[in-house]
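Residue-level structure breakdown
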Amino acid sequence: MSVELSDAARNANFIAKEPSTQSRIMLGHKSSVLAAAFFKDGRRVITSSSDKTLRIWDVQKEALVGAPFEGHKGWVRAVAISPDDRRIASGGEDKTIILWNVDNKQKTLDPLVKHARDVNSLCFSPDGKRLASGSSDCTVVVWDAETGAVLATLRHNSMVLTVVFSPDGLKLASGSKDNTIRVWCTNDTEVLLEFNAHQDRVRSVVWSHDGQQLVSTSYDQTVKFWNSSNADQIGQPCAGHTAWIYSLAISFDNSFIATASCDNTVRLWSTKTHQQIGQALGHTTWIGCVIISPNGELLMSGDGDGKVWLWSIKDILEEYNAEDRLKEEQQRLLTDAAGNVLSTPFITDIDQNDIQAQLRNENSDNCDIKSHYSSETHAASSILSLSSSFDSLPMNPTVCNACITGDLHTAEEILTQEIDTDGDNCNSYASRSIVMARNSDWDQALRDAVNSIDIRPSLMGCISKGIALCGKGQVWNAMEAFDLAFTFATHDSITINLLLLIKAIALFNAGHREEAIRRVQDLAIACQHLDTLSCNVVNSYLHVQLATIAFENGRYLEAAEQFTEVLITNMNMAGSSLRTALCEPRFKIFTVLFGWGLDSLWQAVHQRQCDAFLRADQVIEAIEAYQYMMHIFDEAEKTSCLGWSTTFKQDCIARCVAKGKEAVAANDQARAFKLYSAGIGLDPSYDLLFVHRSNENLRRNLYTEALSDAEQVRVISMIFIIGLTLSCIGDQTQPFVSYWVPTKARSALRGTSL
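Residues numbered from 1 in each chain as written. Predicted model: local features only at pLDDT ≥ 70, side-chain atom pairs only at ≥ 80, totals over all residues. Heavy atoms only, no water.

Once that is clear, we can look at the overall build of the chain. Within the chain one finds 25 helices and 29 strands. Looking at the chain alone, contacts between residues at least 24 apart form 52% of all its contacts between residues at least 6 apart. Roughly 32,500 Å² of accessible area belongs to the chain as shown, and the carbon and sulfur atoms make up 49% of that amount. (Helix = DSSP H or I, 4+ residues; strand = E, 2+ residues; numbered from the N terminus. Contact = heavy atoms within 4.5 Å. Areas by Shrake-Rupley, 256 points an atom, 1.4 Å probe, with all protein chains shown as cover.)

Right, here's the structure in full:
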């Protein structure tokens, strides 16, 4: 059933509560739905999510079927169903692929491990014997779906986002971040076609069911059709989406396709005319996937809030084929509504009750993340822009500097004097609220924030109130305060993004860590067409805090792995590195608001990684981490950590000796040798390590190596003897020193049996 025309126009923007074509919503996932597939019966559908699970749904009953599939350790980005409907393949952030038995939800094989980064796409061959996977590690892997053996590894120049077998199984198409589509021969992995398909990454590719065409979508917001034999483009692109297109599906009769986008809409397109069919199907947030049932009756979409939407294709087509006059009127109203999306405030000021109702919709957070908004500017001096956020912060510059250096007492005194002088200065109250929050005086922070808003509602007032409420554990009220802050933001999406990051950080500090990190990661995905460096900095810092928490709670190996992941992520960052980014003045706002020590973070992460490995008894890994750190540090950084470095090396040497002796006692000569060698690599002036390694070489009948180590002991000892002898000249009170050292050296040499 279609809503009235006035409703269609009024609700066409992204906060619409009722789309123009009636839909049904199924709830079950805790966060974003990222991929989906229909079973052949058209009644069941499988979905995967960033909540690390897969769910099966009965679309007729609009209900979940049984318990979730659980086994992944990260977001499940890809899912596929075997042609016989008996197996499900899933993959994602944990770099593994799991094959499941549909009936009992058990793994049919051990997880398939080959990819070095996220698995983004999966597809069974038509005969079900092979499985193709595309990964962010720039490879396509073809697996034996029965045994899990790797049959072939194919490469792109950048991350692979989509893979799909041709209907006859003789070809495999892949789309990549390098903007290309490649078509491979499945028999010998020969590249049959390679062509630049789009101006941005190719996000999704499908074959027509007769195998004659390829259809692709991209972050360049277009859909294109290609001759699958020679890569000639067919007709004009489908154009209408206003943001990235994430997903694509084609009807089984090849008559239309469906696309899902970051602009919060699903759209249908004619495969003949390449024109849009009917109205865009509005959602309340971004859409991660769209699929069409085998019988062509249902369209399913999954969104960033975890909702699964069902749409009647019959209703959509009937509405499309309505009388010309009605259709023209709908188009006019939709055009007006679309214009409102781009020009009206994020939260309209039509009715205050409506504002409060919308703000209480917790699903609006992801809507914040994925859209471009605008709002009335109530106080120009309170506008935050990420590119100049620190400069335009409505705070006394002296107070800002004091907050950066950690001199909170001075900052509080200055602001208190300002308030005593002018009790109606809302910025002074808001700024002091931030300072009190830094001191963990949450009650006073909240009182100051409330006073600021009572004097005049402002951006900083709402931010300070949100931070204070999070500190008091009143998270729901805090989220409302942060949402109100958007009424003071400009339509500049960078400003909105900064507010969303502040909101996520406060949520993290309130103990909702996974949710906070998920929001930052969602924001990074949505803003890849903008500057994502701020998201990367915040994401890295939050992960460092997680690792620090694990370290402080004695979970040293977990902490070491998390610190390592932060460093690996930094190496994979495009553009500016984390090391460079942390020094950018624009990120000082996070120091002002939350006390983040960004200047020292880079060095601290490396040192904590080393300490965590050592505490976890992973001494070799600790030494390797230290050596890498010393390799990349400049002289100033090395000097600043000299004291820590000396202590760390001493602890490592002692641990190498102790663990080496344990390995010898356990008759594990290879491990003992590795430990002694690691210690020598860390400090080649420590003669006892050479003694121990010489003995291990003797046990392994490596006489030349044993002699070489013994010679090192002699050289080190003689150097030490000379130094001590010179220092003792004229001092007859210490003659025993020069005698003891060569005796020790001779004993060491005798201990090597040489």
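Attention now goes to the environment of Asp-168. Position of Asp-168 among the secondary structure elements: in the loop between β15 (160–165) and β16 (171–176). On the basis of relative accessible area, Asp-168 is assigned to the exposed category, the value being 52%. Sequence separation of Asp-168 and Asp-210 is 42 residues, and the distance between their C-alpha atoms is 8.9 Å. At 2.6 Å, the side chain of Asp-168 forms a polar contact with the side chain of Ser-166. At 3.0 Å, the side chain of Asp-168 forms a polar contact with the backbone nitrogen of Leu-170. (Buried < 20%, exposed > 50% of the residue type's maximum accessible area, 1.4 Å probe, protein only. Polar contact = N/O pair within 3.5 Å; in protein donor to acceptor, adjacent residues only side chain to side chain.)

Of the volumes computed, that of the second largest pocket is approximately 1,400 Å³. Forming the boundary of the second largest pocket are 48 residues, of which Ala-37, Leu-122, Cys-123, Val-164 and Val-206 lie nearest the centre. Of all the secondary-structure elements, those providing two or more residues to the lining of the second largest pocket are β2 (33–38), β7 (76–81), β11 (119–124), β15, β19 (202–207), β23 (245–250) and β27 (287–292). Considering only residue class, the lining of the second largest pocket consists of 33 nonpolar, eleven polar and four charged. (1 Å grid on protein atoms, 1.4 Å probe; cavity = no way out; pocket = protein on both sides within 12 Å on 5 of 7 lines; lining within 4 Å. Points joined across faces, edges and corners; volume = space filled by probe spheres on them. Nonpolar A, V, L, I, M, F, W, Y, C, P; charged D, E, K, R; others polar.)

Turning our eyes to something else, we now look at the environment of Tyr-676. Of note, Tyr-676 is situated in helix α22 (residues 669–682). Sequence separation of Tyr-676 and Ala-658 is 18 residues, and the distance between their C-alpha atoms is 9.9 Å.

Our next topic: the side chain of Ser-121. Along the chain, the position of Ser-121 falls in strand β11. In terms of polar contacts, Ser-121 uses its side chain to reach the backbone amide nitrogen of Val-163, at 3.0 Å. With sequence-adjacent residues up to four places away left out, Ser-121 is seen in contact with Ala-78, Ala-132, Ser-133, Gly-134, Leu-161, Thr-162 and Val-163.

Moving on: the nonpolar core. Grouped together as the largest cluster of nonpolar side chains are 85 residues, with contacts concentrated most on Phe-590 and Trp-596. With eleven residues, the top contributor of residues to this core is helix α12 (residues 493–509). Core analysis: the second largest hydrophobic core is formed by 24 residues, Ala-132, Trp-184, Val-202 and Val-205 among them. (Core = buried A, V, L, I, M, F, W, Y, C linked by side-chain atoms within 4.5 Å.)

Listed as buried for helix α6 (residues 397–405) are Val-399, Cys-400, Ala-402 and Cys-403. Down the axis, α6 shows its buried residues gathered within 165° of arc, on one side only. Across from the buried face of α6, at angles greater than 90 degrees, the exposed residues are Pro-397 and Thr-405. Where the residues of α6 are buried, they touch α7 (408–421), α8 (426–438) and α17 (588–594). Here α6 starts with a cap whose side-chain oxygen sits 2.7 Å from the backbone nitrogen of Thr-398, and that cap is Asn-396. Residue Gly-406 follows α6 closely and has a positive phi angle near 90°. (Arc of directions from axis to C-beta.)

Moving on, we get to the pattern of salt bridges. Scanning the entire structure with this criterion turns up 20 salt bridges. Two residues, Asp-305 and Lys-307, come together in a salt bridge whose shortest N-O distance is 3.4 Å. As far as the burial class goes, Asp-305 and Lys-307 line up, both buried. Ionic pairing is found between Arg-519 and Glu-515, a salt bridge with its closest N-O pair at 2.8 Å. Of this pair, Arg-519 and Glu-515 both sit in helix α13 (residues 513–526), separated by four residues, roughly a single helical turn. Judged by relative accessible area, Arg-519 falls into the buried class, the value being 12%. (Salt bridge = Lys/Arg side-chain N within 4 Å of Asp/Glu carboxyl O.)

Below, the discussion takes up the packing of α6 against α7. Running from amino to carboxyl end, α6 crosses α7 at an angle of 160°, the nearest separation of the two axes being 8 Å. Taken together, the axes of α6 and α7 are roughly antiparallel relative to one another. α6 and α7 meet at a crossing whose hand is left-handed. Packed against α6, whose contacting residues are Thr-398, Val-399, Ala-402 and Cys-403, the element α7 presents Leu-408, Ala-411, Ile-414 and Leu-415 at the interface. When its residues are assigned to classes, the contact of α6 with α7 shows seven nonpolar, one polar and no charged. (Axes fitted to C-alpha atoms, helices over the stretch in contact; angles between N-to-C directions. Parallel < 35°, antiparallel > 145°, perpendicular 65-115°, else oblique. Left-handed = near helix turned anticlockwise from the far one by under 90°.)

This model, assessed by the stated rule, comprises 15 aromatic pairs. Ring centres of Tyr-219 and Trp-244 lie 4.1 Å apart, and the angle between their planes is 5°; this geometry places the pair in the stacked category. Taken as a pair, Tyr-219 in the loop between β20 (213–218) and β21 (222–227) and Trp-244 in the loop between β22 (238–239) and β23 lie far apart in primary sequence, 25 residues in all. This pair shows no difference in class: Tyr-219 is buried, exactly as Trp-244 is. An angle of 35° between the planes, with centres 5.5 Å apart, marks the rings of Phe-590 and Trp-596 as tilted. A single burial state applies to Phe-590 and to Trp-596, both of which are buried. A network of ring pairs unites the aromatic residues Tyr-541, Phe-587, Phe-590, Phe-594 and Trp-596 as a single cluster. Above the ring of Phe-39, the side-chain terminus of Arg-44 is found at 4.1 Å from the ring centroid. The lysine or arginine in question, Arg-513, covers the ring of Phe-508, its NZ or CZ lying 6.0 Å from the ring centre. (Phe/Tyr/Trp six-rings, centres within 6.5 Å; stacked < 30°, edge-to-face > 60°. Lys NZ or Arg CZ within 6 Å of the ring centre and 35° of its normal.)

What follows is about the confidence of the model for the chain. Should pLDDT be low for a region, the predicted coordinates there are not to be read in detail. Per-residue confidence for the chain gives a mean pLDDT of 79, with 76% of residues at or over 70. When pLDDT is averaged over each helix and strand of the chain, the minimum, 30, is found for helix α1 (residues 5–10) and the maximum, 97, for β7. Segment residues 322–327 is flagged for pLDDT under 50; beyond a separation of four residues in sequence, or across chains, it makes two contacts in the model. (pLDDT = per-residue confidence, 0-100.)

Attention shifts here to the pairing of strand β9 (residues 96–101). Burial analysis of β9 places five of its six residues in the buried class, which makes it a mostly covered element. Examined bridge by bridge, strand β8 (residues 87–92) and β9 share five bridges and lie antiparallel to one another. Each bridged residue has a counterpart across the sheet, and for Gly-91 the counterpart in β9 is Ile-97. Once β8 ends, the chain turns through three residues before running back antiparallel as β9, passing Lys-95 with a positive phi of about 75°. Where β9 meets strand β10 (residues 112–113), two bridges bridge the pair, whose relative direction is antiparallel. Looking across to β10, one finds that Ile-97 is bridged to Leu-112. (Pairing = 2+ DSSP bridges.)

Turning our attention to the packing of α8 against helix α10 (residues 459–471). In the contact formed by α8 and α10, the axes pass within 9 Å of each other and the chain directions differ by 20°. Classified by the angle between their axes, α8 and α10 sit roughly parallel to one another. Here α8 and α10 pass one another in a crossing that is left-handed. Judged by residue contacts, Ala-430, Ser-433, Ile-434 and Ala-437 of α8 engage Met-460, Gly-461, Ser-464 and Ile-467 from α10.

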